Amino acid sequence: MSEPGTPTFDQLRIFLTVVDTGSFAAAGRKLNRAVSVISYGITNLEAQLGVTLFDREGTRKPRLTEAGQAVLAEARMVAGGIDGLKAKVKGLLDGLEAEVNLAVDVMLPARRLGEVLRAFAARFPTVTLRLHVEALGAVAALVLEGRAVVGLSGPLASGFDGLESLAAGSVEMVPVAAPDHPLARYDRIPPGAGREHVQLVLTDRSPLTEGRDFAVLSPRTWRLADLGAKHQLLREGIGWGNMPLPLIAPDLVAGTLKRLAMPDDPGGMYRFCGIWRRDTPPGPAASWLIRHMVELGHGDGDPVGRGDV
């Protein structure tokens, strides 16, 4: 048995146009070619593949054969790949990045991030996105190291040399504990009571804030590098700690966590900023991304930022 030949992209395009329009004549009109050219293209494609793609007997409309149905899905995949390749190359010629590396602070509400990235995917379908989720100084570290071209950082990034920044809203931080935690039994917690219990603290994976504590009241701390782990340990009653309100709002409703009324409340507003290296300005797609992150945060007001939590 002989091997099938390799069809040209033009032959596949003619084949798909005939399928989509329903006839050789309609395909000719859409592609601005004579019907004879369309028919010749299909005949050559069938000869290349060694199969009959259309049943032309007894009908004015060509009908796909069983082999034609099998080839159709592969032809669409090849055509889609070629279209994607052409779009990506056009973007490169126009100055559009092939890939954007974005670093975001773990405190950023997932709904806000999802809204921006959904719009980004629709606006820049050819641009690959790499997303890094970090805490505190680690977002700025990724941008300073060039591993991310733009970042949505917490408040600490504005103090690092070499970075440009724009205010990008905030999220409210609240102290919480499990309902059976000793602090949760108070209607109003006595001053200093938080120091007597383990405080769960999110730590920085970078060295940029090494040796510094922010919003840490208790000398007894458990330090975690993962916000999800901190969330789970809080629900287990292992300690108390500050959490972004949008993340734990369902827990407050369900009663799996309780907001603590602390007179020395270490919560407050956690301020975000869009950042990029001063010597490496972002390209069109990255600029659009950080601009929309900033615009979406404008409804948060002008809060006072906090550092570690």
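To be clear, the structure that these remarks concern was listed above.
As the structure is a computational prediction, the values presented were derived from the model and not from experiment. (Residues numbered from 1 in each chain as written. Predicted model: local features only at pLDDT ≥ 70, side-chain atom pairs only at ≥ 80, totals over all residues. Heavy atoms only, no water.)

A. Here's a closer look at the nonpolar core. Counting residues in hydrophobic clusters, the biggest one holds 41 residues, and the most contacted among them are Met 107, Phe 120, Leu 152, Phe 272, Leu 289 and Met 293. The set of elements that each furnish at least two residues to this core consists of strand 3 (99–105), helix 5 (110–123), strand 5 (150–153), strand 6 (163–177), strand 7 (199–202), helix 7 (227–235), strand 11 (268–277) and helix 9 (284–297). Counting residues per element, this core draws most heavily on helix 9, at seven residues. Apart from the residues lying within four places of it in its own chain, the contact partners of Leu 152 are Ala 103, Val 104, Asp 105, Leu 108, Val 139, Ala 168, Phe 272, Cys 273, Gly 274, Ile 290 and Met 293. (Core = buried A, V, L, I, M, F, W, Y, C linked by side-chain atoms within 4.5 Å. Buried < 20%, exposed > 50% of the residue type's maximum accessible area, 1.4 Å probe, protein only. Helix = DSSP H or I, 4+ residues; strand = E, 2+ residues; numbered from the N terminus. Contact = heavy atoms within 4.5 Å.)

B. Representation of the layout of surface pockets. In this structure, the largest pocket occupies an estimated 170 Å³ of space. Surrounding the largest pocket, 13 residues form its lining, Val 106, Met 107, Leu 108, Pro 109 and Ala 110 being those nearest its centre. The set of elements that each furnish at least two residues to the lining of the largest pocket consists of strand 3, helix 5 and helix 8 (245–254). Among the residues making up the lining of the largest pocket, the classes are represented as 12 nonpolar, no polar and one charged. (1 Å grid on protein atoms, 1.4 Å probe; cavity = no way out; pocket = protein on both sides within 12 Å on 5 of 7 lines; lining within 4 Å. Points joined across faces, edges and corners; volume = space filled by probe spheres on them. Nonpolar A, V, L, I, M, F, W, Y, C, P; charged D, E, K, R; others polar.)

C. Helix 2 (residues 24–31), seen in detail. Inspection of helix 2 places Phe 24, Ala 26, Ala 27 and Gly 28 among the buried residues, and these make up the whole buried set. Here the buried face of helix 2 lies against helix 1 (9–21), helix 3 (35–49) and strand 1 (54–55). Asn 32 sits one or two positions beyond helix 2 and adopts a positive phi of about 60°.

D. Molecular detail of the packing of helix 1 against helix 3. Packing of helix 1 against helix 3 brings their axes to within 9 Å, and their N-to-C directions diverge by 115°. When the axes of helix 1 and helix 3 are compared, the pair comes out roughly perpendicular. Crossing geometry of helix 1 relative to helix 3 is assigned as left-handed. In this structure, helix 1 uses Gln 11, Leu 12, Ile 14, Phe 15 and Val 18 to contact helix 3, whose residues at the interface are Ile 38, Gly 41, Ile 42, Asn 44, Leu 45 and Gln 48. Split into classes, the residues belonging to the contact of helix 1 with helix 3 amount to seven nonpolar, four polar and no charged. (Axes fitted to C-alpha atoms, helices over the stretch in contact; angles between N-to-C directions. Parallel < 35°, antiparallel > 145°, perpendicular 65-115°, else oblique. Left-handed = near helix turned anticlockwise from the far one by under 90°.)

E. Quick peek at the packing of aromatic side chains. Scanning all chains against the criterion turns up six aromatic pairs. Here the aromatic rings of Phe 24 and Phe 54 are separated by 6.0 Å at their centres, their planes lie at 75°, and the arrangement is edge-to-face. Within this pair, whereas Phe 24 is found in helix 2, its partner Phe 54 is found in strand 1, the two being separated by 30 residues in sequence. Looking at Phe 24, the relative accessible area reads 12%, which means it is buried. (Phe/Tyr/Trp six-rings, centres within 6.5 Å; stacked < 30°, edge-to-face > 60°.)

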